[in-house]
Amino acid sequence: AAGSYSDTEGATACAACAAGTASDKEGATACAACAAGTASDKEGATACAACAAGTASDKEGATACTDCAPGSFAAGTGSTSCGLCAAGSYAAAAAATKCDLCEAGSIAAEDGAAACTACPAGTSTSGVTSGATVCDACAAGYSS
């Protein structure tokens, strides 16, 4: 039956495909490892499931997809890796499907930020309303 295999001649029973593998055809002599970007957490699977948005699997034979770490994201399903949030944006929680832009007065100077940093006193994002990467010193005669 689909989801099982027999690699022995004269076998009296078929074995269930192991977690991380699947077989969608009857009469299989082996189960195929789940491709990167997919996983199967149960025995006897007939198909591997695509990783949900916010998760990824970078290796074959995965039994589970891994949540993207804070500061990274996976927008669609079937991801093989999580992308880093670009400078000026952040993802505070794990399993993010997108990054949010830093608000005015705060920055993310490098890729992969899990939070934005407030500009220190005497500096500002100089009219940049969102997505800033640097705090600029206030001009003479101005304060923040």
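Everything discussed here concerns the structure shown above.
Draft legend 1. Up close: the pattern of salt bridges. Summed over all chains, the structure comprises two salt bridges. Lys42 is the partner of Asp41 in a salt bridge, and the nearest nitrogen-oxygen pair spans 3.8 Å. Given a relative accessible area of 59%, Asp41 falls into the exposed group. One salt bridge in this structure joins Asp100 and Lys98, with 2.6 Å as the shortest N-O distance. Given the relative accessible area of 31%, Asp100 is considered partly exposed. Classification of Lys98 by relative accessible area gives exposed; the value is 52%.

Draft legend 2. A look at the side chain of Ser23. Along the polypeptide, Ser23 turns up in the loop between strand S3 (21-22) and strand S4 (32-33). The class of Ser23 is buried, set by a relative accessible area of 5%. The contact partners of Ser23, leaving out residues within four places of it in the chain, are Ala2, Gly3, Ser4, Cys17, Ala28, Ala30, Cys31, Ala45 and Thr46.

Draft legend 3. The state of the cysteines, seen in detail. Enumeration according to the criterion identifies seven disulfides in this entry. At a sulfur-sulfur separation of 2.0 Å, the disulfide partner of Cys17 is Cys31. On the sign convention where negative means left-handed, the S-S torsion of about -75° between Cys17 and Cys31 marks this disulfide as left-handed. Note that Cys17 is positioned in the loop between strand S2 (15-16) and S3 and Cys31 in the loop between S3 and S4, a separation of 14 residues in sequence. Classification of Cys31 by relative accessible area gives partly exposed; the value is 22%. Linked covalently through their sulfurs, Cys85 and Cys99 form a disulfide whose S-S length is 2.0 Å. Residues Cys85 and Cys99 share a disulfide whose torsion about the S-S bond is about -80°; that sign makes it left-handed. Of this pair, Cys85 sits in the loop between strand S10 (83-84) and strand S11 (89-90) while Cys99 is found in the loop between S11 and strand S12 (100-101), placing the two residues 14 residues apart along the sequence. The structure places no disulfide on Cys14, whose sulfur is separated from the nearest cysteine sulfur, that of Cys31, by 9.7 Å. Using a relative accessible area of 51% as the deciding quantity, one classes Cys14 as exposed.

About the criteria used
- Residues numbered from 1 in each chain as written.
- Predicted model: local features only at pLDDT ≥ 70, side-chain atom pairs only at ≥ 80, totals over all residues.
- Heavy atoms only, no water.
- Salt bridge = Lys/Arg side-chain N within 4 Å of Asp/Glu carboxyl O.
- Buried < 20%, exposed > 50% of the residue type's maximum accessible area, 1.4 Å probe, protein only.
- Helix = DSSP H or I, 4+ residues; strand = E, 2+ residues; numbered from the N terminus.
- Contact = heavy atoms within 4.5 Å.
- Disulfide = S-S within 2.5 Å.

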